[in-house]
Amino acid sequence: MAQQEEVFKKIVSHCKEYGFVFPSSDIYDGLGAVYDYGQNGVELKNNIKQYWWQSMVLLHQNIVGIDAAIFMHPTTWKASGHVDAFNDPLIDNRDSKKRYRADVLIEDQIAKYDDKIEKEVEKARKRFKENFDEAQYRATSPKVLETIEKRDALHRRFQEVMNAEGGIDLTGMKQIILDEEIVCPISGTRNWTDVRQFNLMFKTEMGASADGTSTIYLRPETAQGIFVNYLNVQKTGRMKLPFGIAQIGKAFRNEIVARQFIFRMREFEQMEMQFFIKPGTELDWFAKWKETRMAWHQALGFGAENYRFHDHDKLAHYANAATDIEFHMPFGFKEVEGIHSRTNFDLSQHAKFSGKKIEYFDPDTNESYTPYVIETSIGVDRMFLSVMCHSYEEQQLPDGQTRTVLHLPAALAPVKLAVFPLTKKDGLPEKAQEIINDLRFHFNCKYEEKDQIGKRYRRMDAIGCPYCVTVDQQTLEDNTVTLRDRDTMEQRRVNISDLRSIIEDEVSITSLLKKLL
Ligand code: GAP
């Protein structure tokens, strides 16, 4: 675990050093849980968004996109339930004056039990060496069994308080913290306040005059922009059920425990798709979208073993099925995407609060009804983080050197081709520029002439550039260049006129989309 934490720290520094992600307002020492994407980060992020958008809108004839405003009528959030129920349970330590999410303190405690189990297993592995039977050890070791029992009991209790009748049981939550003897990481004491609810929405004011202003919220999810536009899109697009509306955009949450870099941010981006369907068909569509979304993730080639579904046992009152797609991050399996069967809750609520009839007339059955919805909701930044974490490698080379390389899927890489003149003279820079001028219409190219070729390769490896080309004296004679592959580091001589056909297919988003068909 400690080793994984080390790797994660290195990934965070790498993101900054190579222009992927910077702390927001860095010159003022940053702003908590807010980040800026740099020159390489924005390209990678745009490619992720393009992959998602095209998989939704191009590959499905019955899915269209929208781009709704971040500011919405304040009643939206009353109708959606966010004003009353979008809360986190908070607890303060009186000695350190630090505030924590009570549920996160308990989750961390569960993780500590898990760590303890893994440490026991590792110790036994070292002790028994090749005779070690891990499954048998886990099933029989008294120490492991005792810790599993404690962990499971805590987990059950936690589920009970989180899903109590009438909302989270705040008193029960504090009791768990006291019973488990959880201490404040700063003060080391157990001097806790009661647990209180805290709304996560950011508020601001719209309008200038005192009587004309109204409190509005920065949207905490993009989904509501889709729900309130359901009628507009259905009517103007003459959409027939089933159909979907996709959207990519910023969302804002005043997260109290913001940590793990861009995993939990206060300003982040979501890619959400609401799929409107006939009531009664929702469980079939839920299963279909689970499969479709998992295939989208796995087409990136990170290995099926790094993904899993986490089906929710306890559901929100309006949902009748929900699952998370979790990815194996250096800090464990974590949610990257949620898929929810939300019944007709949101559309019915907006109908009630707006007084508008929000229904679908089904020409096949001659009946009107409020559609049900399957939602797929993925965070762009979490997706970005999973791509970075899986791609980062400090590779030991046969010659004893090491290189840091990002094995990014070529279609997502910020730069697809780097072109180097071997030297800065004899017309080589001009020839290199000529190649870029020709290929830049097809994919992102970068020119580099500083330092020796080896150093330039390393810089390109570090940003995940899949191909480098070197222009030398021979190029001037026969129009061939050396093409170097990022992952294998193999080099081969190819004709300049063949570069486009060798590279273009592999680096295009289409190459990923084709895997989904
Ligand atoms: N409309 C449903 C919805 O917003 P959610 O589970 O709260 O559901 C969906 O969020 C996805 O948005 C998550 O799976 C995650 O990828 C991303 N997300 C949520 N909160 C986030 C945060 N504070 N920072 C970064 N990403 C976040």
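As a reminder, the structure under discussion sits directly above these lines.
1. Digging into the nonpolar core
No. 1: Counting residues in hydrophobic clusters, the biggest one holds 67 residues, and the most contacted among them are Phe-20, Leu-44, Tyr-51, Trp-52, Phe-384 and Leu-385.
No. 2: Top element by residues in this core is helix H13 (residues 380–391). It accounts for seven residues.
No. 3: In contact with Leu-44, not counting residues within four places along its chain, are Phe-20, Phe-384, Val-387, Met-388, Leu-408, Leu-412 and Pro-414.
No. 4: Ranked by size, the runner-up nonpolar core spans 20 residues in total, among them Val-419, Val-494, Ile-496 and Ile-503.

2. Quick look at the state of the cysteines
No. 1: For the structure on display, the rule yields zero disulfides.
No. 2: You can see Cys-15 has no disulfide; the closest cysteine sulfur is in Cys-389, sitting 7.9 Å from it.
No. 3: For Cys-15, a relative accessible area of 1% gives the class buried.
No. 4: Of all cysteine sulfurs, the one in Cys-465 lies closest to Cys-468, which takes part in no disulfide; the gap is 4.8 Å.

3. Notes on the sheet that holds strand E4 (residues 87–92)
No. 1: If you walk across this open sheet you meet the three strands as E5-E4-E6, and the pairing is antiparallel. Each of the sheet's edge strands pairs with one partner strand only, and the pair in question is strand E5 (99–101) and strand E6 (196–199). In this sheet, adjacent strand axes meet at a mean angle of 45 degrees when their direction is disregarded.
No. 2: Bridge count for E4 against E5 is three bridges, and the pairing is antiparallel. Paired with Leu-90 across the bridge in E5 is Arg-101.
No. 3: Along the sheet, helix H5 (residues 102–128) contacts E4 and E5; its crossing angle with E5, the most-contacted strand, is approximately 65 degrees.

Cut-off values and rules
Residues numbered from 1 in each chain as written. Predicted model: local features only at pLDDT ≥ 70, side-chain atom pairs only at ≥ 80, totals over all residues. Heavy atoms only, no water. Core = buried A, V, L, I, M, F, W, Y, C linked by side-chain atoms within 4.5 Å. Buried < 20%, exposed > 50% of the residue type's maximum accessible area, 1.4 Å probe, protein only. Helix = DSSP H or I, 4+ residues; strand = E, 2+ residues; numbered from the N terminus. Contact = heavy atoms within 4.5 Å. Disulfide = S-S within 2.5 Å. Pairing = 2+ DSSP bridges. Axes fitted to C-alpha atoms, helices over the stretch in contact; angles between N-to-C directions.

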